[in-house]
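Chain by chain, the residues run as shown.
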Amino acid sequence: MAAVRVFELVFVLLMLGGRTASVHDGPLLLLVSFDGFRYDYLDRSQDRVQLPSLEYLIQTGVRAKWVHNTFVTFTFPNHFSLVTGLHAETHGMVANHMYDPDLHQQFHMYLNNEPKWWDVGAEPIWITNQRCGGKSGVFNWPGMEARFNGTLPFRSIPEYNESIPYEHRIETMIRWFTDEENPINLGVLYFEEPDEVGHKYGPDSPELDEALEMVDRTVEYLIELLQSAGLFERMNLIITSDHGMAETSVDRVIELDRYLDPSTYLWVDKSPVTAIWPLEHGVDREYIFAALDDAHPNLQVYYKEDIPAQYHYRHNRRIMPVIAVADPGWTIVQNISTAVVEKGSHGYNNSYLPMNPIFVAHGPAFRTNLLSEPFNNVDIYPLMCHILGITPLPNNGSIDNTASIVKRQKGWWSPSPRSMSGIAGTLGLLLMLVGCIAGCGYYSQKREQTSGRHLQYSIIGYEMEDYSLGEPLVDSKREV
Ligand SMILES: [Zn+2]
């Protein structure tokens, strides 16, 4: 480590000094996202890139082969899926750029923080944690600035700011966890790389390798500060991402202007999933569909109701009447003469493996030296609720899908509804009732308003052998 880093570290330790005794008593969880960290970036040869800190966490923790993320494979939908356990059509953040026909307004990422865009049916885990008596700190994560039911994170920064150095973000997060008066028990922390370098130089570039090494040094600094604060062995640390990255090229471009008059539509979301709102000049969705369908061999065009079911991407007013999805590696532009075609992109079909991100976890809740089978990013939400000991809201994930990565010790596992029956079910209801009286009454009320057949309970000290795959807790058919 360079001398300057040693100096910085000593300074930070002095700054944090004396605070470690006031860490929150309950389970601690830190969720970290490195935007655009493709699952197989971890498998590059040592000659090419060295990632010792991430490898250390994997050897002493858990890695999933990949995470099956949410369509569309963009930043905002997937970051909100991670913290709600819901597919985009249900949580309402259906793209980075959206048009809401009821509001008659457009949404642009990092610019729109009003509740009308965010608080439309889903609640992020940082709010749920606070309702259950915890304290949450959120740094730069999409949705950080939005109020949910009038509530903000207990700790956050005033607005998204990508110019804040990565070291400073980590120092702030550690300070929040070790605050003398009000330590947080949940941290949610976002970093923009390696996404930006992936777009600019492509996923296979030497610049991307350098970005990965920078990310690894960031993880090293996080580990150092956690250790120095006496938190490393207590912290449940999840490092994941929203999506991967595919190589794109100016040789693989689809120009909308060849098929559609640009004055006839609002180009809501751009590439590689184009979302189109027909403007009312005698143009309707049938006109748009007919103009694009079969126009280009690498462009799949769908009416909203015909979007493939596995995308879970139909049931929301913000999903446009016609969408067009480019094949992997292709870029959609209006006109090549005015477009900038990047060397890397994402947003493609979430079954295309290069779109899938990493998952690495370390801490007292997790097993060690384990490579797990893939699971869904919506499964991470019930896992985090389980670690924090809070009851998840209805979601599309299942705790069963991540049960194999969690240490099987008493109190760490919640059986799925399907596994519960008879006496166990009755016991669960009784314990849930006790839990409600103890301070999570809001959740029981909200959950009772749902169908009831998908309720999920935590049973302290109860162990099960059956880790069968779970079912989604809700069917993703709720319009917002
Ligand atoms: Zn990106």
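- Where an unreviewed UniProt entry is consulted, the chain appears under the name Ectonucleotide pyrophosphatase/phosphodiesterase family member 5-like, with the organism given as Branchiostoma floridae.

1. Observations concerning the overall build of the chain
- What the chain contains, in helices and strands, is twelve helices and 20 strands.
- For the chain, the proportion of its 480 residues judged to be buried stands at 49%.
- In the chain, the proportion of contacts linking residues at least 24 apart, taken out of those at least 6 apart, comes to 76%.

2. What about helix α9 (residues 206-228)?
- Over its 23 residues, α9 runs 33 Å from end to end, which matches the ideal 33 Å to within 8%, given 1.5 Å per residue.
- Residues Leu208, Ala211, Leu212, Val215, Thr218, Val219, Tyr221, Leu222, Leu225 and Leu226 constitute the buried set of α9.
- Among the residues trailing α9, Gly230 stands out with phi positive, at a value near 75 degrees.

3. A look at the environment of Asn69
- Summarising the element assignment, Asn69 is placed in the loop between β3 (67-68) and α3 (75-84).
- A count of 26 C-beta atoms within 10 Å places Asn69 in the buried class.
- Between the C-alpha atoms of Asn69 and Val378, which are 309 residues apart in sequence, the distance is 7.6 Å.
- Filtering out sequence-adjacent residues up to four positions away, Asn69 remains in contact with Asn78, Asp242, His243, Asn350, Met355, Asn356, Pro357 and Asn377.

4. Some thoughts on the sheet that holds strand β9 (residues 235-240)
- Strand order in the open sheet formed by eight strands is β7-β6-β8-β1-β9-β18-β2-β19, with mixed pairing between adjacent strands. Where the open sheet ends on each side, the last strands, each with one partner, are β7 (155-156) and β19 (370-372).
- In the packing of helix α7 (residues 166-177) onto the sheet, contacts are made with β1 (28-34), β6 (136-139), β7 and β8 (186-191), and the angle to β8 comes to roughly 175 degrees.

5. What about the confidence of the model for the chain?
- Summary statistics for the chain give a mean pLDDT of 85 and a share of 80% for residues scoring 70 or more.
- Below pLDDT 50 for its whole length, residues 17-21 participates in six contacts with residues either more than four positions away or in separate chains.
- Predicted confidence is poor over residues 441-480, with pLDDT under 50, and the contacts of this stretch with residues over four places away or in other chains come to 85 contacts.

6. Topic: the packing of α7 against α9
- Closest axis-to-axis distance for the α7/α9 pair is 10 Å, and the angle between their directions is 25 degrees. Taken together, the axis directions place α7 and α9 in an arrangement best described as roughly parallel. The chirality of how α7 crosses α9 is right-handed. Note on element contacts: α9 touches α7 through Thr218, Tyr221, Leu222, Leu225 and Leu226, opposite Tyr166, Glu167, Ile170, Glu171 and Ile174.
- Looking at the contact of α7 with α9 residue by residue, the classes come out as seven nonpolar, one polar and two charged.

7. Quick word on α7
- With twelve residues, α7 extends 17 Å between its outermost C-alpha atoms, agreeing within 8% with the 16 Å of an ideal straight helix rising 1.5 Å per residue.
- For α7, the complete set of buried residues consists of Arg169, Ile170, Glu171, Met173, Ile174, Trp176 and Phe177.

8. Side note on the packing of helix α2 (residues 52-59) against α9
- Direction vectors running N to C along α2 and α9 enclose 55 degrees, while the axes themselves pass 7 Å from each other. The angle between α2 and α9 falls in the class oblique. Along the contact surface, α2 presents Pro52, Ser53 and Leu54, while α9 presents Asp216, Val219, Glu220 and Ile223.
- A class-by-class count of the residues in the contact of α2 with α9 yields four nonpolar, one polar and two charged.

About the thresholds
Residues numbered from 1 in each chain as written. Predicted model: local features only at pLDDT ≥ 70, side-chain atom pairs only at ≥ 80, totals over all residues. Helix = DSSP H or I, 4+ residues; strand = E, 2+ residues; numbered from the N terminus. Buried ≥ 20, exposed ≤ 12 C-beta atoms within 10 Å, placed from the backbone. Contact = placed C-beta atoms within 7 Å. Expected span 1.5 Å × (residues − 1). Pairing = 2+ DSSP bridges. Axes fitted to C-alpha atoms, helices over the stretch in contact; angles between N-to-C directions. pLDDT = per-residue confidence, 0-100. Parallel < 35°, antiparallel > 145°, perpendicular 65-115°, else oblique. Left-handed = near helix turned anticlockwise from the far one by under 90°. Nonpolar A, V, L, I, M, F, W, Y, C, P; charged D, E, K, R; others polar.

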